[in-house]
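Structure at a glance
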Amino acid sequence: MTLPLRLSPRLSPRLSLFLPLLLLAACAGGGGARPSAADGARIAPPVAAGSTTASAPEAAPVTALATGTVAATEAPSMPAAVPAPADPAMPQAVDAQSVATADPTQAELDYAAIYGQSPYDPVADPSLPAPAQLPSSYDPWENWNRKVHRFNNAVDRTVATPLAKAYVKVVPRPVRLGVGNFFNNLGQPVSALNALLQGRPKQAGQSLGRFLLNATVGVGGLFDPATAANIPNRSEDFGQTLGVWGWKNSRYVELPLFGPRTLRDTFGLVGDAPLSPTRQIEDDGTRFFLQGLQLVDLRTQLFAVDAMREGAADEYALVRDAWMQRRHYQIQSDRRSEQADELPDYLLDDEANPTVPVDVMPIVPLSPTP
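Every value quoted in this text rests on a predicted model; they were computed, and no experiment measured them. (Residues numbered from 1 in each chain as written. Predicted model: local features only at pLDDT ≥ 70, side-chain atom pairs only at ≥ 80, totals over all residues. Heavy atoms only, no water.)

1. Quick look at the environment of S235
The test is simple: A run of DSSP states H or I qualifies as a helix once it reaches four residues; a run of E qualifies as a strand once it reaches two. Both are numbered from the N-terminal end.
By the secondary structure assignment, S235 is in the loop between α8 (225–228) and α9 (238–244). C-alpha of S235 to C-alpha of S191: the two residues are 44 residues apart in sequence and 5.5 Å apart in space.

Below is the structure:
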């Protein structure tokens, strides 16, 4: 509804100016009447962009100065805000497969057209050096060797391993260490002679001095004072000597009961057998006892590699390749004595992966039998 305004001509001009302002303030405070929807325009308050909820409706004052009326209207309920569009500056996820299979760029095609080469492939770069190639094992008798290897594994599981476990369980560790030192010291004279045949007199003197020191101060070799005196422990045999003399590559062969060898090392047994101290014992009972004890002690040293052998996909190939590579490094170190110190100890010594020595073999072809 509208309120008629009648001003008396007697009122002062100042009062006639302030009276409409007072009426407007009263209408804004709620004193005015609320017209219908058709009487005035509805004005909605602005909504911030990106907001998820709309604020409560508020009444907005509307004045019609042309007609001399003052009215207030109530804003209707606001619609739900529309989500803001994604920022084009934000990085988007990239499909790795599409990038991997993307076509070469025009620059790569131009380079290939000019220089006559295919676009650069970082996976197969011809400018990179060739990968390192391990020496392959020469094994033309593989079928026979695999049969012997299965036989040796069967004997190892049924005889050697149970004896070795019982030996470790019954015999104290200090005694087992003394037994290992004793047999290791017995092989030093053979190592000294082969080192001399290879043209290495210094190593020959060290092996001979190691034998004498352990045999005297070490109580027959049960103790190892030579190691405390920093005398190197190097094992040499006639098979290595043949390799130094020129027999570089030899085919792999696995001997029944005595494991990995090469044809060169099999002939090397013939040269080492006459010098074996154990084989010089005439009493059969004592000799067989010492040979059996040495075999059991040797099997206990192989416990560390049993887990690796059991987890291999091809256990025969693992044993063959590991033994051949180690043998190759040993012979190469003998041929280049000045570079022997650059090789790790496990490739030079027999403690980590020992080989069955000629001492425990009851029969060696072309050698005298006790």
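2. Let's talk about the packing of aromatic side chains
The line we're drawing: Put simply, two rings from Phe, Tyr or Trp (the six-membered ring, in Trp's case) pair if the centres are within 6.5 Å, and we call them stacked under 30 degrees between planes, edge-to-face over 60, tilted for the rest. A simple rule labels every residue: compare its accessible area, found with a 1.4 Å probe on the protein chains alone, to the largest value its type can have, and call it buried under 20%, exposed over 50%, or partly exposed in between.
Considering all chains together, one arrives at four aromatic pairs under this definition. Between F182 and F183, the ring centres sit 5.3 Å apart and the planes meet at 70 degrees, which makes this aromatic pair edge-to-face. A ring pair is formed by W247 and F267, whose centres lie 6.2 Å apart and whose planes are at 45 degrees; its orientation type is tilted. Taken together, the positions of W247 in the loop between α9 and β3 (252–255) and F267 in helix α10 (residues 263–272) put the pair 20 residues apart, joining distant regions of the chain. Judged by its relative accessible area of 31%, W247 is partly exposed. Residue classification places F267 among the partly exposed residues on the basis of a relative accessible area of 45%.

3. Let's talk about the side chain of E236
Our working definition: N or O atoms within 3.5 Å of each other form a polar contact, as long as, within protein, one can give a hydrogen and the other can take it, and as long as residues adjacent in sequence are counted only when both atoms are side-chain atoms.
Looking at where E236 falls in the secondary structure, it is placed in the loop between α8 and α9. With relative accessibility at 6%, the residue E236 sits in the buried group. Looking at E236, its side chain comes within polar contact range of the side chain of Q203, at 3.0 Å. Within the structure, the side chain of E236 is placed 3.0 Å from the side chain of Q240, a separation counted as a polar contact.

4. A closer look at unusual backbone geometry
Generally, phi is negative for residues other than glycine and the peptide bonds are trans, each holding for most cases. One non-glycine residue with positive phi stands out, namely V219, at about 55 degrees. Its location among the elements puts V219 in the loop between α7 (201–216) and α8. Positive phi, normally seen in glycine, also occurs at L257, with a value near 75 degrees. Within the secondary structure layout, L257 lies in the loop between β3 and β4 (259–262).

5. Quick word on the packing of helix α4 (residues 142–170) against helix α11 (residues 284–301)
Note the following rule: Here the axes come from fitting lines to C-alpha atoms, over the contacting stretch only for helices, and the angles between their N-to-C directions go from 0 to 180 degrees. Should an angle lie under 35 degrees it is considered roughly parallel, over 145 roughly antiparallel, and from 65 to 115 roughly perpendicular; all remaining angles are considered oblique. Contact between two residues is taken to exist if any of their heavy atoms lie within 4.5 Å; hydrogens are not considered. For this classification, the nonpolar set comprises Ala, Val, Leu, Ile, Met, Phe, Trp, Tyr, Cys and Pro, the charged set comprises Asp, Glu, Lys and Arg, and every other residue, Gly included, is treated as polar.
Close contact between α4 and α11 brings their axes to 9 Å; oriented N to C, the two are set at 85 degrees. Relative to α11, the element α4 lies roughly perpendicular. Contact with α4, carried on its side by D156, A160, T161, L163, A164, Y167 and V168, involves L293, V296, D297, R299 and T300 of α11 and no other residues of that element. Class assignment of the residues belonging to the contact of α4 with α11 gives a composition of seven nonpolar, two polar and three charged.

6. Looking at the pattern of salt bridges
Stated precisely, the cut-off is as follows: Just to be clear on terms, a salt bridge is a Lys or Arg side-chain nitrogen sitting within 4 Å of an Asp or Glu carboxyl oxygen.
Per the stated rule, a full pass over the model turns up 13 salt bridges. Across the salt bridge formed by D314 and R146, the nearest N and O atoms sit 2.9 Å from each other. Pair noted here: D314 is in the loop between α12 (306–310) and α13 (315–335) and R146 is in helix α4, with a separation of 168 residues, a long-range link. Assessed through its relative accessible area of 32%, D314 is described here as partly exposed. For R146, a relative accessible area of 24% gives the class partly exposed. Residue D224 is joined to R210 by a salt bridge in which the shortest nitrogen-to-oxygen separation is 3.1 Å. Separated by 14 residues along the polypeptide, D224 in the loop between α7 and α8 and R210 in helix α7 bring together distant segments of the chain.

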